[in-house]
Amino acid sequence: MSVNKKIKAVKTAFLCLFPLFLTGCLSSADSLLTAPMLSDEQAEIYSALEESAGDDISLVYPKGGAYRSSVVFADLDGDGLEEAAAFYEKKDNPEGSVRVNILDREQISPEEYRWRSVYDHAGAGTSVEEVFFTNLGGSGKVRMAVGYGLITPTEKALRVYNYADGILTMEYSESYYKMLRLDLDRDGGEDIAVINCNNENHSAYVSLVTDRGEGAVSSAKVNLSESTADLPRVMGGYIGTDTPAIFIDGLLGSGSLATEIVYCIGGSLRNPAALDGSEITQLTTRSQRIYCRDADGDGIIEIPSREPFPGYRDSTEAQYITNWNVFENYTVVKKFSSLTDQSSGYVFMIPGRWEGQITVKNDSLTGERVFYKYNTSLTDSRLELMRIRACTPDSEEEMISRGYFKAAGSETAVYMVKLGDTDDNLLLTTSEVINNFMLLTA
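How each quantity is defined
- All chains use their own residue numbering, which begins from 1 and follows the written sequence.
- Side-chain atom pairs in this predicted model are given and counted only at pLDDT of 80 or more, local residue features only at pLDDT of at least 70, and totals for whole chains, interfaces and linings cover all residues.
- Side-chain numbers come from the whole structure's heavy atoms, not from hydrogens or water.
- When DSSP finds at least two bridges between two strands, those strands are taken to pair.
- Each helix is a run of DSSP H or I of at least 4 residues and each strand a run of E of at least 2, with the numbering of both proceeding from the N terminus.
- On a range of 0 to 100, pLDDT expresses the predictor's confidence in each residue.
- Only heavy atoms enter the contact rule, under which two residues are in contact if any of them lie within 4.5 Å.
- Any residue under 20% of the maximum accessible area for its type is buried, any over 50% is exposed, and the rest in between are partly exposed; the area is computed with a 1.4 Å probe on protein chains only.
- Only the contacting stretch of a helix is used when fitting its axis, a line to C-alpha atoms as for every element, and angles between N-to-C directions run 0 to 180 degrees.
- Salt bridge, as used here: a side-chain nitrogen of Lys or Arg that lies within 4 Å of a carboxyl oxygen of Asp or Glu.
- Two rings belonging to Phe, Tyr or Trp (six-membered ring only in the last case) form a pair when the distance between their centres is within 6.5 Å. Interplanar angles under 30 degrees mark stacking, angles over 60 mark edge-to-face geometry, and anything in between is tilted.
- A positively charged side chain is recorded as over a ring if its NZ (Lys) or CZ (Arg) lies within 6 Å of the ring centre. The angle to the ring normal must also be within 35 degrees.
- The disulfide criterion used throughout: a pair of cysteine sulfur atoms within 2.5 Å.
- Counting rule applied: Lys, Arg positive; Asp, Glu negative; His and chain ends not counted.
- Two N or O atoms form a polar contact when they lie within 3.5 Å of each other; inside protein one atom must be a possible hydrogen donor and the other a possible acceptor, and for residues adjacent in sequence the pair counts only when both atoms belong to side chains.
- Only buried residues count toward a nonpolar core, which is a set of Ala, Val, Leu, Ile, Met, Phe, Trp, Tyr and Cys residues joined through side-chain atoms within 4.5 Å.

(A) Expanded view of the pairing of strand β13 (residues 216-223). As paired elements, strand β12 (residues 205-211) and β13 share seven bridges and run antiparallel to each other. Across the sheet, Tyr205 pairs through a bridge with Asn223, a residue of β13.

Next comes the structure, spelled out in structure tokens:
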């Protein structure tokens, strides 16, 4: 069958199988990806894949990341033309392992090219978690990194590939639980931070994968806490204005969260929470699942901790202050405090002049959080300063008619505030409330 006839035969089926080719902006290497291709060329790629692998195949789609298509494109060998990497599995393969097929353009006339399969490779798992292209360590060479899923969710397989002279070579391999891409060692090139948690195969650690002129290697490694059972949140950010770091919220055996901070000095990874005498774990342990984030939007990651508002002694009924801390001089220092309502999705930063002067109660009838001037006990704290209610956008006008104003809002919720009927010097202005109100993001 001719190429053109085969293109027409598979075109309909192929378009049902392929989503739009997605692009991302996570790194400079992402600019290598082009806009969605024409359907005829898509069908030609699938035809070339079938000629190489047979027609008993199923395409495999990455579960996450910027590239969600079963076929991704990049100039892997630096020849100025993109290659295609297709992920698939054999339908009759009982193990269900993923394979990678590299396709390249072959010139068949001065103005005409066609796709052909040039290399087929056995992957390392039963699914593809994510795919990305990286100029690792600023080496100038584009590599393809693939995260493969295995049987257990905490154990996955990272493979970093180098493609040259028609051969796909696995240059680096490591198990992982989570990965981050960032310039952790500040050399101007992207690194891969591999994060593992404690399991039967290894202890928890962070490994830095980069290229310092001798290929992809793990250039540094640091251990994480032995008490950590899981890592529900890992994010990259900054300590201060210029030190990149990884903020790791670990789930302890007690069910609480604690934070570890990993950064790079002189090519070595540091975890100050692991130093003898460090109080970082103690200072960042909290029972509520509030994760590290840039809470005030200044580009610096804050680490949450909690304490009850004044007047509370019973932890089961307490309303809690969230202290947002920053890492300084091998410890954590409070930057600001807030009322953080995760279920409603907002943070209200407590003004400095309120520190130690107010408490919060929950209105059992309305569900509102109500701020009172603190006066020796909860019972004696009766002067209302402010109340906050989260409601649907269609309730906004009614709430305004009842003396509330809108402090913030999203497509799904508005946050209405009513100030207390008092002239006490702790009473806030409308502008102060709005400026101190922030919405929680994922």
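(B) Inspection of the confidence of the model for the protein at higher detail. Considering every residue of the protein, the mean pLDDT works out to 88; 91% of them sit at 70 or more. Under a pLDDT of 50 for its full length, residues 1-38 has, in the predicted model, 71 contacts with residues more than four places off or in other chains.

(C) Quick look at unusual backbone geometry. With a phi close to 50 degrees, Asn329 is a non-glycine residue in the positive phi region. Relative to the elements of secondary structure, Asn329 occurs in the loop between β19 (320-328) and β20 (331-341). Unusually for a residue other than glycine, Tyr330 sits at a positive phi of about 65 degrees. With respect to the helices and strands, Tyr330 occurs in the loop between β19 and β20. The exposure class assigned to Tyr330 is partly exposed, which follows from its relative accessible area of 49%.

(D) Just the sheet that holds strand β26 (residues 414-419), in detail. Across the sheet, which stays open at both edges, the five strands sit in the order β22-β23-β24-β26-β25 with antiparallel pairing between neighbours. Single-partner strands in this sheet number two, and they are β22 (358-362) and β25 (405-409). Neighbouring strand axes in the sheet, compared pairwise and without regard to direction, differ in orientation by 25 degrees on average.

(E) Structural context of the pattern of salt bridges. Under the definition given, this model contains 23 salt bridges. The residue Arg99 makes a salt bridge to Asp120 at a minimum N-O spacing of 2.7 Å. Taken together, the residues span a long stretch of sequence, with Arg99 in strand β4 (residues 99-109) and Asp120 in strand β5 (residues 112-122) at a distance of 21 residues. The residue Arg286 makes a salt bridge to Asp249 at a minimum N-O spacing of 3.0 Å. Separated by 37 residues along the polypeptide, Arg286 in the loop between α3 (280-284) and β18 (303-308) and Asp249 in strand β15 (residues 243-252) bring together distant segments of the chain. The pair Arg286 / Asp249 is uniform in exposure class, with both members buried.

(F) Structural detail: the sheet that holds β20. Taking strand neighbours across the sheet as the criterion, the five strands line up as β18-β19-β20-β21-β27 in an open arrangement whose pairing is antiparallel. One side of each edge strand has no neighbouring strand; the edge strands of this open sheet are β18 and β27 (437-439). Adjacent strand axes in the sheet meet at a mean angle of 40 degrees, parallel and antiparallel pairs treated alike. Examined bridge by bridge, β20 and strand β21 (residues 346-349) share four bridges and lie antiparallel to one another. Each bridged residue has a counterpart across the sheet, and for Asp341 the counterpart in β21 is Tyr346.

(G) Layout of the packing of aromatic side chains. Under the criterion given, the structure shown has twelve aromatic pairs. Each ring, one from Phe327 and one from Tyr330, has its centre 6.3 Å from the other, and the planes form 75 degrees; the classification is edge-to-face. Taking the relative accessible area as the measure of exposure, Phe327 reaches 11% and is therefore buried. Between Tyr415 and Phe437 the ring centres are 5.8 Å apart and the planes differ by 40 degrees, which places this aromatic pair in the tilted class. Residue Tyr415 is located in strand β26, and its partner Phe437 is located in strand β27; the two are separated by 22 residues in the primary sequence. Exposure remark for Tyr415: the relative accessible area of 4% places this residue in the buried category. Through a chain of ring-to-ring contacts, the aromatic side chains of Tyr346, Phe348, Trp354, Phe371, Tyr415 and Phe437 assemble into a single cluster. Positioned above the aromatic ring of Tyr177, the side-chain terminus of Lys178 is 5.5 Å from the ring centre. Its guanidinium or amino end placed over the ring of Tyr320, Arg306 lies 3.7 Å from that ring's centre, counting from NZ or CZ.

(H) Region of the structure containing the state of the cysteines. Applying the stated criterion across every chain yields a total of zero disulfides. Free of any disulfide, Cys197 has its nearest cysteine sulfur in Cys292, 17 Å distant. For Cys197, a relative accessible area of 1% gives the class buried. Sulfur of Cys264: no disulfide; nearest cysteine sulfur belongs to Cys292 and is 19 Å away.

(I) Quick look at the side chain of Asp104. In this fold, Asp104 is placed in strand β4. Despite being buried, Asp104 has no salt bridge partner; Arg116 is the closest side chain of opposite charge, sitting 6.1 Å away. Excluding residues that lie within four positions of it along the chain, Asp104 makes contacts with Asp77, Glu82, Glu83, Arg114, Trp115, Arg116, Val118 and Tyr163.

(J) Representation of the environment of Ala295 within the structure. You can see Ala295 is positioned in the loop between α3 and β18. Exposure remark for Ala295: the relative accessible area of 10% places this residue in the buried category. Residues Ala295 and Val347, 52 residues apart in the sequence, show an inter-C-alpha distance of 8.2 Å. Once you skip the residues sitting within four places of it in the chain, Ala295 turns out to touch Glu302, Trp324, Phe336 and Met438.

(K) Main features of the side chain of Ser69. With respect to the secondary-structure elements, Ser69 resides in the loop between β1 (57-59) and β2 (71-74). A polar atom in the side chain of Ser69 sits 3.0 Å from the backbone oxygen of Val71.

(L) Summary view of the nonpolar core. Ranked by size, the top nonpolar core spans 34 residues in total, and within it Phe87, Val100, Phe133, Met144, Val146, Leu158 and Ile192 carry the most contacts. Of all elements in the fold, only β2, β3 (83-90), β4, β6 (127-134), β7 (143-149), β8 (156-164), β9 (167-176) and β11 (191-196) reach the threshold of two or more residues within this core. Counting residues per element, this core draws most heavily on β8, which supplies five residues. Setting aside anything within four residues of it in sequence, one finds Met144 in contact with Leu76, Ala85, Phe87, Val100, Val131, Phe132, Phe133, Arg159, Val160, Tyr161 and Leu168.

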